[in-house]
Amino acid sequence: MVRYQNGFARGRMLLAVPPTVVFDLDGTLVDTVPDIAAALDSALQRYPSCVTSPRDAAAMMGDGLGTFFWRALVAKRLRIPAEEATEALQHFLAAYARAPATLSRLYPGIRLLLEEIRGYGARTAVCTNKVEPIALRILDQLDILGLFDAVVGYRDDRPKKPDPIPLLDAIEQAGGSRERALMIGDSQPDSGAAAAARVPVILVSYGYCPIPVHTLPADRHVDDALALRGEVLHFIGANTNGHPSAAFRRARS
């Protein structure tokens, strides 16, 4: 197990603060690509463009919906006049906002992991570059909003990851402290935000990172929810002897 510098032995004051586990949303908790790809295809239906596959969409993720859209135009080699492109972008954003969780699904084992973390008394939060109201709607429609103490998404008055501010905001709003917090994500913004905030980070390989995730700096890289569970429970100090419950094994299969 990796040795997290989480402040467990830094005095009674820190020990009185529960550990906080902060999750990225897209590619970490939820496979959101199918709905994003569907909204993009809806916005571009008047142009000669092929259907956007989940794999192609995943390669363009990581920096918000606006950047995703412009990357898609380049990838599809669509030469659209600026005015029409701006209109198509607004169509895309509106289409996605109307149906952000129709096709999206939680990754296997995530719900039980969240329930288990909270069962041990840890705080949980979401820190995402997705527009905050849409992030809240996705979590609500997937019936996991109640499993988080805070949800911090993109707003006009808040920068995006890799700036550390949204991560620090999420920790604070969850009632935690930076010294006893852990970030879990799938790409460069998560790794960068954690480094800037001086918070340990676990990166999952099943998400949307456009480069091999193991090449990014992290305290730990994991390939599935079972490995993630072991690292998170180690971080929060849970005594499980490393053995997942039968329910957890079934959920990830």
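What counts and how
- Residues numbered from 1 in each chain as written.
- Predicted model: local features only at pLDDT ≥ 70, side-chain atom pairs only at ≥ 80, totals over all residues.
- Heavy atoms only, no water.
- Phe/Tyr/Trp six-rings, centres within 6.5 Å; stacked < 30°, edge-to-face > 60°.
- Helix = DSSP H or I, 4+ residues; strand = E, 2+ residues; numbered from the N terminus.
- Buried < 20%, exposed > 50% of the residue type's maximum accessible area, 1.4 Å probe, protein only.
- Pairing = 2+ DSSP bridges.
- Axes fitted to C-alpha atoms, helices over the stretch in contact; angles between N-to-C directions.
- Contact = heavy atoms within 4.5 Å.

Novice: Can you walk me through the packing of aromatic side chains in this structure?
Specialist: Between two aromatic rings, the relevant description is the distance of the centres plus the angle of the planes. This model, assessed by the stated rule, comprises five aromatic pairs. Plain terms: the ring middles of F23 and F148 are 6.5 Å apart, the flat faces sit at 75° to each other, and that makes the pair edge-to-face. Taken as a pair, F23 in strand β1 (residues 20-23) and F148 in the loop between α7 (132-141) and β5 (150-154) lie far apart in primary sequence, 125 residues in all. Accessibility classification places F23 together with F148 in one group, the buried group.

Novice: Before we go on, may I ask you to explain the sheet that holds β5 in this structure?
Specialist: In a beta sheet, neighbouring strands pair by backbone hydrogen bonds and run either parallel or antiparallel. Ordered in space as β5-β4-β1-β6-β7-β8, the six strands form an open sheet in which the pairing is parallel. Lying at the two open borders of the sheet, with one neighbouring strand each, are β5 and β8 (220-222). Between one strand and the next, the sheet's axes are offset by a mean angle of 20°, whatever the strand orientation. Alignment of strand β6 (residues 181-185) against strand β7 (residues 201-204), held across three bridges, turns out to be parallel. Considered in β7, the bridge of M183 is made with V201. Here helix α9 (residues 188-197) sits on the sheet and contacts β4 (123-131), β6 and β7; the angle it forms with β7, its principal contact strand, is near 175°.

Function-wise, these values are silent; they only describe arrangement.
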